[in-house]
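Residue-level listing of the chains:
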Amino acid sequence: MPMLELQGIHTYYGHVQALKGVDVTVEQGEIVTLIGANGAGKSTLLMTICGNPRATRGKIMFEGQDITRAPISTIVRQGVQQVPEGRRIFSRMTVLENLQMGATLGDPAHYKSDLDRMFGMFSILEKRQTQRAGTLSGGEQQMLAICRALMSRPRLLMLDEPSLGLAPLIVKQIFKTIQDLNRENGTTILLVEQNAFHALKVAHRAYVLQNGEIRLQGSGQELLSNPEVRALYLEGGHHAP
Amino acid sequence: MTQGAMGMAARPAIDYAALLKDAALAAFVVFFLAFPLIGLQTYDQGGALAVRGRWDLLAYAVIIGFVGRFLFQLAMLFKPVKSTKEPSDASLARQRQIGMIIRYALLGIALTMPFLPFSDRSWLDRGINVLIYVMLGWGLNIVVGLAGLLDLGYVAFYAVGAYSYALLSLNFGLNFWVCLPLAGLFAALFGVLLGAPTLRLRGDYLAIVTLGFGEIIRVVLLNWGSLSGGPNGIASIPRMDFFGLFPFGNREGAFHTVFGIEYERTHQIIFTYFVILALALMTNWMVNRLRKLPLGRAWEALREDEIACKSLGMNPTNTKLSAFAIGAMLGGFAGSFFAAKQGFINPESFTFMESATILAIVVLGGMGSQMGVVFAAIFLVLLPEVTRDFEQSRMLLFGAAMILIMVWRPKGVISHREPTLRLNPVKGA
């Protein structure tokens, strides 16, 4: 049984159809990547899994349970957590307060050890714990956003464009973190990216989304060498060769 | 230090031509506004209305506009460049220390005020007024400052509290101390009643709905004559007694006979003063506690980013509702105190102007800042009193002062936000 299974998902924004019958599966322990151009429906797919907006047709199963219509808080409580696009940290609150907010639904008994784990992963956050989160650099903010999501100990972590607007060196670091999380903690990861090169390199499997439909799928390596993917998302793209 | 010095050194040469042009433009605007307002005066000429010019006054106004704008722009050029760096731990610790000293000094003044030699009845009344606004400001601060919900109808909850006490005490003979929690409860109930259907709205839309709600309450009170007495209001509301034990007044068994002291009319006022001081301090303590609880942090997180809150599994509607209800409850407390202190209430006391004043206190003081509210309340309540001699230009001075504060400190008098969580002690503090 796959961890997450999307069956024929249709999502609308008013009259505009953003997803047209998408099927995606994520197995336990995988890194799965969704790539696609602007407006292909990548973010919509992640948001639909979280229940905002709701799928108008289709079914979303998480660990064998139907979460298509479940309240957002229930979905989060089941272990699905999203790092939203553009980080969306609480900028006027301190780093520590941001992390505390991430633990809203978590077990209070884990709070201290989870916090130590986050600080172990990114020591810079420990140094800046009482600083306002808005004063962090872009990369630090992204790390904070990831840590905030991890505070609730999700089993499925969904990241929406974590490399957005970051310097190439920081992008590398973020992708390494994603791989480490997956390898060391066994966190299953669903990654949405414009930076197709990096994303496909870390992915076990990947999907290419086009105009709200799955165009291609395969292992990360397969798609990296696929001529169509190369032409559309890599050659003209912004990867570092 | 180095930042300031560099700012000085890098100051550009002053472009006087541009400054003069800017000042001339300001003078023109003044002329445009002042020509009908100041320049023309109507007077009675044998039963008919005639107009005459006051050209000298108009000229003064234009000159003041020109020179004032010129000096203001010049002053802005000399304003030191503000560093965007986070203040160091040491300077934060020093600031915190100064803050503590000011806080305790103000508390000391508030506690001893009734016994100071100059404080007569009128000063006590002013003190009570300031404290009512401080309490209302702190209550609204939960909604506007912490949860970030713009509430333009806060006075509605104040009114609910006031009428609750008035009606409960007159109709059921309940004591102030019994009515106080009940009034808070009713106000909180109204907060939930208003909040439940409207808190899906955001920003401007919520502001308009709350504005409407404030007016609805006032209009209902104005027209439901059989309940609220309509525009005549409710008179002879019982004053508060000594914790329900014995009353004040010049008779046997009252406060002064129990304590064996001479009867004095000010006893009751001094007691009233301490009641509102206690209520205000309770509010302050409550808000400070709430800020450090998960609920308070959730309010602030909601103000920062609602989508992120949702993605963390929070329920934004319930969180907002709790902020609304608690803010309303505090407004209700203040309202029932107001009714007990005045002994008379009517809808005139609960107009939109009151909501605006309370909101101005929160914004001027610095959103979310407790001390800022105190300064702003003192300023906004006492300034109209102090400027009573300039009856004609009072509102003008008031407006000018508010503009100056907002130019000087756009985020309010105190914009620093104290972290609610600390793991390790701050290094160097």
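None of these values were measured; they are calculated from a predicted model. (Residues numbered from 1 in each chain as written. Chains lettered and ligands numbered in written order. Predicted model: local features only at pLDDT ≥ 70, side-chain atom pairs only at ≥ 80, totals over all residues. Heavy atoms only, no water.)

### A few points about the overall build of chain B
Here comes step 1: Per the secondary structure count, chain B includes 17 helices and two strands.
Here comes step 2: Within chain B, contacts between residues at least 6 apart in sequence are counted, and of these 72% link residues at least 24 apart.
Here comes step 3: On chain B, roughly 22900 Å² of surface is accessible, and the fraction owed to carbon and sulfur atoms is 67%.
Here comes step 4: Charge separation in chain B, taken as the distance between the mean sites of 34 positive and 25 negative side-chain charges, equals 9 Å. (Helix = DSSP H or I, 4+ residues; strand = E, 2+ residues; numbered from the N terminus. Contact = heavy atoms within 4.5 Å. Areas by Shrake-Rupley, 256 points an atom, 1.4 Å probe, with all protein chains shown as cover. Lys, Arg positive; Asp, Glu negative; His and termini not counted. Charge placed at Lys NZ, Arg CZ, Asp CG, Glu CD.)

### Side note on the overall build of chain A
Here comes step 1: Within chain A, the regular secondary structure consists of 10 helices and 10 strands.
Here comes step 2: Since a compact globule built from 241 residues should have a radius of gyration of about 18 Å, the 17 Å found for chain A is in line with a globular shape.
Here comes step 3: Taking the principal axes of its C-alpha atoms as reference, chain A extends roughly 45 × 45 × 35 Å.
Here comes step 4: Looking at chain A as a whole, 55% of its 241 residues qualify as buried.
Here comes step 5: In chain A, of all internal contacts separated by at least 6 residues, the share reaching a separation of at least 24 is 66%.
Here comes step 6: Only carbon and sulfur atoms are counted for the fraction: they give 49% of the accessible area of chain A, which is about 10000 Å².
Here comes step 7: Of the charged side chains in chain A, 25 are positive and 22 negative, and the gap between their average positions amounts to 5 Å. (Rg over C-alpha atoms; globule rule 2.2 N^0.38 Å. Buried < 20%, exposed > 50% of the residue type's maximum accessible area, 1.4 Å probe, protein only.)

### A short note on the pattern of salt bridges
Here comes step 1: Counting across every chain of the model gives 16 salt bridges over all chains.
Here comes step 2: Across the pair Arg155 of chain A and Glu63 of chain A runs a salt bridge whose closest N-O atoms are separated by 2.7 Å. Taken together, the residues span a long stretch of sequence, with Arg155 of chain A in the loop between helix H6 (138-150) and strand S7 (156-160) and Glu63 of chain A in the loop between strand S4 (57-62) and strand S5 (65-66) at a distance of 92 residues.
Here comes step 3: Look at Arg155 of chain A and you get partly exposed, because its relative accessible area is 38%.
Here comes step 4: Between Lys320 of chain B and Glu306 of chain B there is a salt bridge whose closest N-O contact spans 3.6 Å. A residue pair is termed long-range when its members are at least 10 positions apart, and Lys320 of chain B in helix H14 (residues 316-342) and Glu306 of chain B in helix H13 (residues 306-311) qualify at 14 residues. Like Lys320 of chain B, the residue Glu306 of chain B is buried in the burial classification.
Here comes step 5: Among the ionic contacts, a cluster of salt bridges with common partners joins Arg92 of chain A together with Arg291, Glu300, Arg303 and Glu304 of chain B. (Salt bridge = Lys/Arg side-chain N within 4 Å of Asp/Glu carboxyl O.)

### Looking at the packing of aromatic side chains
Residues and elements named next belong to chain B.
Here comes step 1: Under the definition given, this model contains 19 aromatic pairs over all chains.
Here comes step 2: Arranged with centres 6.4 Å apart and planes meeting at 70°, the rings of Trp177 and Phe271 form a pair that is edge-to-face. Of the two residues, Trp177 sits in helix H7 (residues 176-198) while Phe271 sits in helix H11 (residues 266-292), which places them 94 residues apart along the sequence.
Here comes step 3: The interplanar angle of 85° and the centroid separation of 5.5 Å between the aromatic rings of Phe243 and Phe271 together place this pair among those described as edge-to-face. On the criterion of sequence distance, the pair formed by Phe243 in the loop between helix H9 (225-228) and helix H10 (255-259) and Phe271 in helix H11 is long-range, its members being 28 residues apart.
Here comes step 4: The ring of Tyr43 has Arg52 sitting right over it, with the charged end atom 4.2 Å from the ring centre.
Here comes step 5: Taking NZ or CZ as reference, Arg126 lies 4.8 Å from the ring centre of Trp123, over its face. (Phe/Tyr/Trp six-rings, centres within 6.5 Å; stacked < 30°, edge-to-face > 60°. Lys NZ or Arg CZ within 6 Å of the ring centre and 35° of its normal.)

### Considering the sheet that holds strand S9 (residues 205-210) of chain A
Residue and element names in this part refer to chain A.
Here comes step 1: Sheet architecture is open: six strands sit in the order S6-S7-S8-S3-S9-S10, paired in mixed fashion. Two strands close off the open sheet at either side, each with one partner strand: strand S6 (80-83) and strand S10 (213-219). Strand-to-strand twist across the sheet, computed as the mean angle between neighbouring axes with direction ignored, equals 15°.
Here comes step 2: One ladder, built from four bridges, connects S6 with S7; its direction is parallel. Bridging across to S7, Gln81 finds its partner in Leu157.
Here comes step 3: Taken strand by strand, helix H1 (residues 42-50) contacts strand S3 (31-36), S6, S7, strand S8 (188-193) and S9, and its axis lies near 145° from that of S7.
Here comes step 4: Against the sheet, helix H7 (residues 168-185) touches S3, S7 and S8, its axis set at about 160° to S8. (Pairing = 2+ DSSP bridges. Axes fitted to C-alpha atoms, helices over the stretch in contact; angles between N-to-C directions.)

### A closer look at the interface of chain A and chain B
Here comes step 1: At the junction of the two partners, chain A supplies 31 residues and chain B supplies 23 residues.
Here comes step 2: With both sides pooled, the region where chain A packs onto chain B buries about 2500 Å², and carbon together with sulfur makes up 61% of that total.
Here comes step 3: The interface formed by chain A and chain B contains two salt bridges.
Here comes step 4: For Asp305 of chain B, the salt bridge goes to Arg88 of chain A, with nearest N and O atoms at 3.0 Å.
Here comes step 5: Counting across the chain A and chain B interface gives three residue pairs in polar contact (both at pLDDT 80 or more).
Here comes step 6: Counted by class, the side of chain A that touches chain B contains 11 nonpolar, 13 polar and seven charged residues. (Buried area = accessible area lost by both parts, 1.4 Å probe. Polar contact = N/O pair within 3.5 Å; in protein donor to acceptor, adjacent residues only side chain to side chain. Nonpolar A, V, L, I, M, F, W, Y, C, P; charged D, E, K, R; others polar.)

### Topic: the nonpolar core
Here comes step 1: Core analysis: the largest hydrophobic core is formed by 94 residues, its most contacted members being Phe337, Ile345 and Phe350 of chain B.
Here comes step 2: With 15 residues, the single largest contributor to this core is helix H5 (residues 121-146) of chain B.
Here comes step 3: With 48 residues, the next largest nonpolar core counts Ala103, Met143, Ile189 and Tyr233 of chain A among its residues. (Core = buried A, V, L, I, M, F, W, Y, C linked by side-chain atoms within 4.5 Å.)

### Some thoughts on the domain arrangement of chain B
When the parts of a complex come together, some accessible area is lost, and that lost area is often used as the size of the interface.
Here comes step 1: For chain B, the domain assignment lists domain 1 (14-77) and domain 2 (103-408).
Here comes step 2: A straight line from the C-alpha centre of domain 1 of chain B to that of domain 2 of chain B covers 40 Å. (Domains from an automatic or database assignment.)

### Let's talk about the pairing of S9 of chain A
Residues and elements named next belong to chain A.
Here comes step 1: With five bridges joining them, S3 and S9 adopt parallel strand pairing. Counterpart to Leu34 in the pairing with S9 is Tyr207.
Here comes step 2: Sheet topology places S9 next to S10; six bridges connect them, and they run antiparallel. Paired with Ala206 across the two strands is Gly218, which belongs to S10.
Here comes step 3: Here S9 hands over to S10 after two residues, with Asn211 in that stretch at a positive phi of 45°.

### What about the state of the cysteines?
Here comes step 1: For the structure shown, the criterion picks out zero disulfides over all chains.
Here comes step 2: There is no disulfide at Cys147 of chain A, and the cysteine sulfur nearest it, in Cys309 of chain B, is 18 Å away.
Here comes step 3: For Cys147 of chain A, a relative accessible area of 0% corresponds to the buried category.
Here comes step 4: Distance from the sulfur of Cys309 of chain B, which forms no disulfide, to the nearest cysteine sulfur (Cys50 of chain A) is 14 Å.
Here comes step 5: Cys309 of chain B sits in the buried class, given a relative accessible area of 0%. (Disulfide = S-S within 2.5 Å.)

### Structural notes on the packing of helix H3 (residues 95-102) of chain A against helix H12 (residues 294-304) of chain B
Relative orientation and spacing of two packed helices are given, respectively, by the angle between their axes and the distance between those axes.
Here comes step 1: Orientation of H3 of chain A relative to H12 of chain B, taken along the N-to-C sense of each, is 105°, at an axis distance of 10 Å. Between H3 of chain A and H12 of chain B, the interaxial angle falls into the category roughly perpendicular. Along the contact surface, H3 of chain A presents Glu97, Gln100 and Met101 of chain A, while H12 of chain B presents Arg297, Ala298 and Ala301 of chain B.
Here comes step 2: Residues belonging to the contact of H3 of chain A with H12 of chain B are distributed by class as follows: three nonpolar, one polar and two charged. (Parallel < 35°, antiparallel > 145°, perpendicular 65-115°, else oblique.)

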